[in-house]
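Below are the chains, spelled out letter by letter.
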Amino acid sequence: QVQLVESGGGLVQAGDSLRLTCAASGRTFGRSDMGWFRQAPGKEREFVAYINWSGGTNYARSVKGRFTISRDNAKNTVYLQMNSLYAEDTAVYYCAARMGGSPTFDYWGQGTQVTVSS
């Protein structure tokens, strides 16, 4: 079983930065792929960023160049550095884990709210 706990959300102004943190339990964190997703009010959940167990990354087009995903396996933690925030980035951000060759993200955190005022 893996538990994920996000933190770092808040209310900021457009152009500001935030860093989200996802703390994971479990001894297999270092072999897991991790992702960040978000869901805005009235919209479906969407992919934001991904980092695999070896450090390879991928980003949604809407955040590429502004957001950076990283991980610290020694701390069982994954981060999402968000710069140059827009009002459109307002959403609940979720951390997710995929492991054991699963094709889907099977473990999810409870989410953290990010609100960007324009």
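For the structure itself, look to the data block above.
Residues numbered from 1 in each chain as written. Predicted model: local features only at pLDDT ≥ 70, side-chain atom pairs only at ≥ 80, totals over all residues. Heavy atoms only, no water.

Broken down by element type, the protein chain carries zero helices and 11 strands. For the protein chain, the sequential pattern of α-helices and β-strands runs β-β-β-β-β-β-β-β-β-β-β. By the compact-globule yardstick of 13 Å for 118 residues, the protein chain fits well, its C-alpha radius of gyration being 13 Å. Along the first, second and third principal axes, the C-alpha set of the protein chain runs to 40 × 25 × 25 Å. (Helix = DSSP H or I, 4+ residues; strand = E, 2+ residues; numbered from the N terminus. Rg over C-alpha atoms; globule rule 2.2 N^0.38 Å.)

Nonpolar side chains tend to gather and get buried jointly when the protein is soluble and globular. Ranked by size, the top nonpolar core spans 30 residues in total, and within it Met-34, Trp-36, Leu-80, Met-82 and Tyr-93 carry the most contacts. Secondary structure elements with two or more residues in this core: strand 3 (18–24), strand 4 (33–39), strand 5 (46–51), strand 7 (67–72), strand 8 (77–82), strand 9 (91–98) and strand 11 (112–117). Among all residues touching Met-82, those that are not within four sequence positions of it are Asp-16, Ser-17, Leu-18, Leu-20, Arg-66, Phe-67, Tyr-93 and Val-114. (Core = buried A, V, L, I, M, F, W, Y, C linked by side-chain atoms within 4.5 Å. Buried < 20%, exposed > 50% of the residue type's maximum accessible area, 1.4 Å probe, protein only. Contact = heavy atoms within 4.5 Å.)

Turning to its location among the elements, Asp-89 is positioned in the loop between strand 8 and strand 9. The class of Asp-89 is buried, set by a relative accessible area of 1%. Sequence-distant contacts of Asp-89, that is, excluding residues within four places in its chain, are made with Arg-38, Arg-66, Phe-67, Ser-84, Val-114 and Val-116.

The subject of this paragraph is the side chain of Arg-71. Secondary-structure assignment places Arg-71 in strand 7. For the buried residue Arg-71, which engages in no salt bridge, the nearest side chain bearing the opposite charge is Asp-33, 5.3 Å off. A polar side-chain atom of Arg-71 sits 2.8 Å from the main-chain carbonyl oxygen of Ser-32. Within the structure, Arg-71 has its side chain in polar contact with the backbone oxygen of Asn-52 (distance 3.0 Å). Apart from residues no more than four positions distant in its own chain, Arg-71 is found in contact with Phe-29, Gly-30, Ser-32, Asp-33, Met-34, Ile-51, Asn-52, Trp-53, Thr-77 and Val-78. (Lys, Arg positive; Asp, Glu negative; His and termini not counted. Salt bridge = Lys/Arg side-chain N within 4 Å of Asp/Glu carboxyl O. Polar contact = N/O pair within 3.5 Å; in protein donor to acceptor, adjacent residues only side chain to side chain.)

In space, the four strands of this open sheet follow the order 1-3-8-7, with antiparallel pairing throughout. The strands lining the two open edges of the sheet, one partner per strand, are strand 1 (4–7) and strand 7. Across the sheet, the mean angle separating the axes of adjacent strands is 15° when strand polarity is ignored. Pairing geometry for strand 3 and strand 8, over six bridges, is antiparallel. Bridging across to strand 8, Ala-23 finds its partner in Thr-77. (Pairing = 2+ DSSP bridges. Axes fitted to C-alpha atoms, helices over the stretch in contact; angles between N-to-C directions.)

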